[in-house]
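# Coordinates in review
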Amino acid sequence: MISWKKNLTSSIGKKFVTGITGLLLVSFVIVHLIGNLLLYAGPDAFNSYAYFLEHRLIHGWAVYVADAMLILFFGAHAVAGISVWQKKRLARPQPYYQAGNAGGASRKSFASRTMIVSGLVILVFVILHVRMFKFGPTATVVVDGIEMRDLYTLVVSTFKVWWISFAYMAVMVLLGLHLRHGIWSAFQSVGATSPRYQPVIYVGGVTLSILIGLGFFLLPLVILFFYENPALSMGGI
Amino acid sequence: MDNHLTLNLLIWRQSGPEQPGMMVPYTISGVSPEMSFLEMLDHLNDDLSRRGERPVEFDSDCREGICGTCGLVINGIAHGPKSACTTCELRMRSFKSGDTISVEPFRATGFPIVRDLVVDRGAFDRIIAKGGYVSVNTGAAPDGNAIPVSKFDADRAMDAASCIGCGACVAACPNASASLFVSAKVAQLALLPQGQPERDHRALKMVEQMDREGFGDCSNHGECEAVCPKAISISHIAIMRRDFMRAAVQ
Ligand code: HEM
Ligand code: FES
């Protein structure tokens with residue numbers, strides 16, 4: 001019997017961790033994006049949805065469970081991912097004079113070679129993002145007789161600051177890149193591929209990464225250029 | 001003859017394992033397009049020895065793509081520009097007169113450089129020794145037809161078994177991972193009835209040894225499959241991962 005710790009820190013165990021947590025994070029990000037699309041539906045829809053998540057779902061417990069899981073997934077994913085990168089540096093200390101791409105069956109791409117960069121930027125982003133929105137300053141509004149946080153105004157007024165919007169969009173391009181290699185790679189890491197399904201998973205992964213990246217990219221863009229600024233009274237962020 | 005090539009070579013020269021190395025330029029002419037890449041280097045070495053210089057050392061044996069002894073990184077690609085082809089089978093007609101060609105050894109912590117373009121691939125032998133075998137009882141050979149193997153599995157096992165252990169997968173991998181090599185053996189035996197008794201042990205022990213030899217982890221770049229002279233698919237890596245995780249939870 002080999003210990004759990006040893007298996008999870010082996011080359012395959014580490015990739016199993018990045019893969020499983022990566023797929024769970026992708027699922028989260030998809031749900032998050034769909035929720036965010038309610039910003040297009042107006043203040044009441046978005047605020048009520050947020051209120052539902054925070055106070056109604058499993059009597060308000062869901063949000064704590066989700067937070068705990070997300071911290072765990074993000075943490076494990078980052079630790080395993082960074083460890084893969086460290087090992088790679090040890091495994092080839094002397095770089096090639098010339099490094100090529102053999103083409104053909106290769107899945108090597110700009111995205112696959114910059115996972116550590118896109119990943120670390122996402123890590124910093126997530127911390128700022130949570131601080132900005134989850135713990136951001138909000139007024140209260142009343143929708144259908146219920147008093148709730150006016151997150152809609154917080155989001156819209158934040159994205160009305162042009163450089164914040166552009167920084168967001170830049171990070172979302174990196175998220176798209178991370179997932180361009182990440183989604184298919186995660187399936188391969190957990191062993192959920194076969195010769196027959198590999199091409200489908202690859203193309204599906206790339207497509208999904210574009211949809212996710214574009215979805216998140218468009219929100220700040222549309223808000224910056226097409227929304228009314230509701231927040232002047234609130235003083236922005 | 002007119003169709004002979006003149007080439008500018010940039011070759012990694014390193015006089016010993018601990019010595020620093022560097023890329024050294026050479027110009028070679030009179031290279032016929034029919035020559036293999038290694039014959040071209042033989043030709044260069046001929047020139048060098050005539051001039052009293054130390055020839056460029058590189059490995060080769062069969063020179064027909066079956067033994068896995070040769071292996072150079074040519075213009076940044078393990079085994080050169082032609083897919084599914086070993087260095088020894090690569091012909092000079094793949095190049096044009098006047099080309100500059102860089103030639104480097106396989107670079108990986110797991111493959112220490114011995115001299116020039118020669119690396120020590122003993123790590124592969126040590127990995128195979130941990131489980132790349134099946135135990136058979138002595139005595140009369142069993143009737144082959146008594147052990148059914150589906151056509152699909154037989155073909156896949158055969159694809160995996162075509163690995164010649166050259167190490168190009170490690171050389172091409174941005175992480176210097178040996179996953180394709182190890183998975184070819186793990187998958188080959190996992191797909192066949194004869195491989196079942198030692199299956200779990202094999203996956204755990206071979207992976208453990210692979211990690212111990214200092215190879216990197218697999219990030220699924222797939223560059224290994226693209227350079228593999230036998231075009232072995234990275235789907236074998238998925239099989240190895242399933243086998244490893246299954247064995248690990250038992
Ligand atoms: C906390 C910040 C993050 C860091 C530091 C990070 C880092 C990494 C790294 C370095 C890899 C490559 C692992 C390898 O080379 O083998 C990776 C893979 C991956 N990441 Fe991230 N990442 C982060 C956030 C995310 C997020 C938010 C998602 C999903 C929305 C995600 C999805 C994925 C997926 C699906 C993979 C592929 C997993 C695999 O190959 O097994 N990552 N991550
Ligand atoms: S020398 Fe035997 S495969 Fe090239």
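The preceding data block contains the structure.
Residues numbered from 1 in each chain as written. Chains lettered and ligands numbered in written order. Predicted model: local features only at pLDDT ≥ 70, side-chain atom pairs only at ≥ 80, totals over all residues. Heavy atoms only, no water.

### Considering the site of ligand 1
- Residues in close proximity to ligand 1 total 26 residues, the closest being Lys15, His77, His178, Ser185 and Ser189 of chain A.
- The site occupied by ligand 1 is bordered by residues of chains A and B.
- Taking Gly19 of chain A, its main chain carries an N or O atom lying 3.3 Å from an oxygen atom of ligand 1.
- Between an oxygen atom of ligand 1 and a side-chain N or O atom of Ser219 of chain B, the distance comes to 2.6 Å.
- Among the elements of the structure, α2 (11–36), α4 (62–91), α6 (115–134) and α8 (162–189) of chain A are those that each provide at least two residues to the shell around ligand 1. (Near = heavy atom within 4 Å. Polar contact = N/O pair within 3.5 Å; in protein donor to acceptor, adjacent residues only side chain to side chain. Helix = DSSP H or I, 4+ residues; strand = E, 2+ residues; numbered from the N terminus.)

### Some words on the side chain of Lys14 of chain A
- Relative to the elements of secondary structure, Lys14 of chain A occurs in helix α2.
- Separated by 2.7 Å, the side chains of Lys14 of chain A and Asp217 of chain B make a polar contact.
- Contact partners of Lys14 of chain A, with chain neighbours within four places excluded, come to Leu8, Thr9, Ala80, Ser83, Val84 and Lys87 of chain A together with Asp217 of chain B. (Contact = heavy atoms within 4.5 Å.)

### Section: a nonpolar patch on the surface
All names here are of chain A.
- A contiguous nonpolar patch, built from Phe52, Leu53, Leu57, Ile58, Trp61, Tyr64, Val65 and Met69 and spanning about 810 Å² of accessible area, is present on the exposed surface.
- Counting residues per element, the ones that place at least two in the nonpolar patch are α3 (43–56) and α4.
- Looking at the nonpolar patch element by element, the count peaks at 3 residues for α4.
- Here Trp61 is to be found in the loop between α3 and α4. (Patch = residues over 30% accessible without salt bridge, like charges linked within 9 Å, V, L, I, M, F, W, Y side chains within 5 Å. Areas by Shrake-Rupley, 256 points an atom, 1.4 Å probe, with all protein chains shown as cover. Salt bridge = Lys/Arg side-chain N within 4 Å of Asp/Glu carboxyl O.)

### Concerning the interface of chain A and chain B
- Residue-level contacts link 46 residues of chain A with 51 residues of chain B.
- Buried area between chain A and chain B, summed over both chains or domains, comes out near 3,900 Å², and the portion from carbon and sulfur atoms is 55%.
- Where chain A packs against chain B, one counts 2 salt bridges.
- Two residues, Lys14 of chain A and Asp217 of chain B, come together in a salt bridge whose shortest N-O distance is 2.7 Å.
- Viewed at the interface, chain B and chain A are joined by 27 residue pairs in polar contact (both at pLDDT 80 or more).
- Only α1 (4–8), α2, α4, α5 (110–113) and α8 of chain A provide two or more residues apiece to the side of chain A that touches chain B. (Buried area = accessible area lost by both parts, 1.4 Å probe.)

### Quick word on the coordination of the iron atom of ligand 1
Residues and elements named next belong to chain A.
- With distances of 2.0 Å, the protein atoms coordinating the iron atom of ligand 1 are His77 (NE2) and His178 (NE2).
- Bound by 6 donor atoms, the iron atom of ligand 1 shows angles of 87 to 180° at the metal and therefore octahedral coordination geometry. Of the two residues, His77 is situated in helix α4 and His178 in helix α8; the sequence distance between them amounts to 101 residues.
- Look at His178 and you get buried, because its relative accessible area is 13%. (Donors = N, O, S within 2.8 Å, 3.2 Å for Na, K, Ca; no water. Tetrahedral: all angles 85-135°; square planar, octahedral: opposite > 155°, others 65-115°. Buried < 20%, exposed > 50% of the residue type's maximum accessible area, 1.4 Å probe, protein only.)

### A short note on the sheet that holds strand β5 (residues 100–104) of chain B
Residues and elements named next belong to chain B.
- A sheet is described by the order of its strands in space; here 5 strands give the open sequence β2-β1-β5-β3-β4, paired in mixed fashion. The open sheet terminates on both sides in strands that have one partner only, identified here as β2 (22–31) and β4 (77–78).
- Where strand β3 (residues 73–74) meets β4, 2 bridges bridge the pair, whose relative direction is antiparallel. Each residue of the ladder has a partner; that of Val73, found in β4, is Ala78.
- Packed on one face of the sheet, helix α1 (residues 37–50) meets β1 (5–13), β2, β3 and β5 and runs near 100° to β2. (Pairing = 2+ DSSP bridges. Axes fitted to C-alpha atoms, helices over the stretch in contact; angles between N-to-C directions.)

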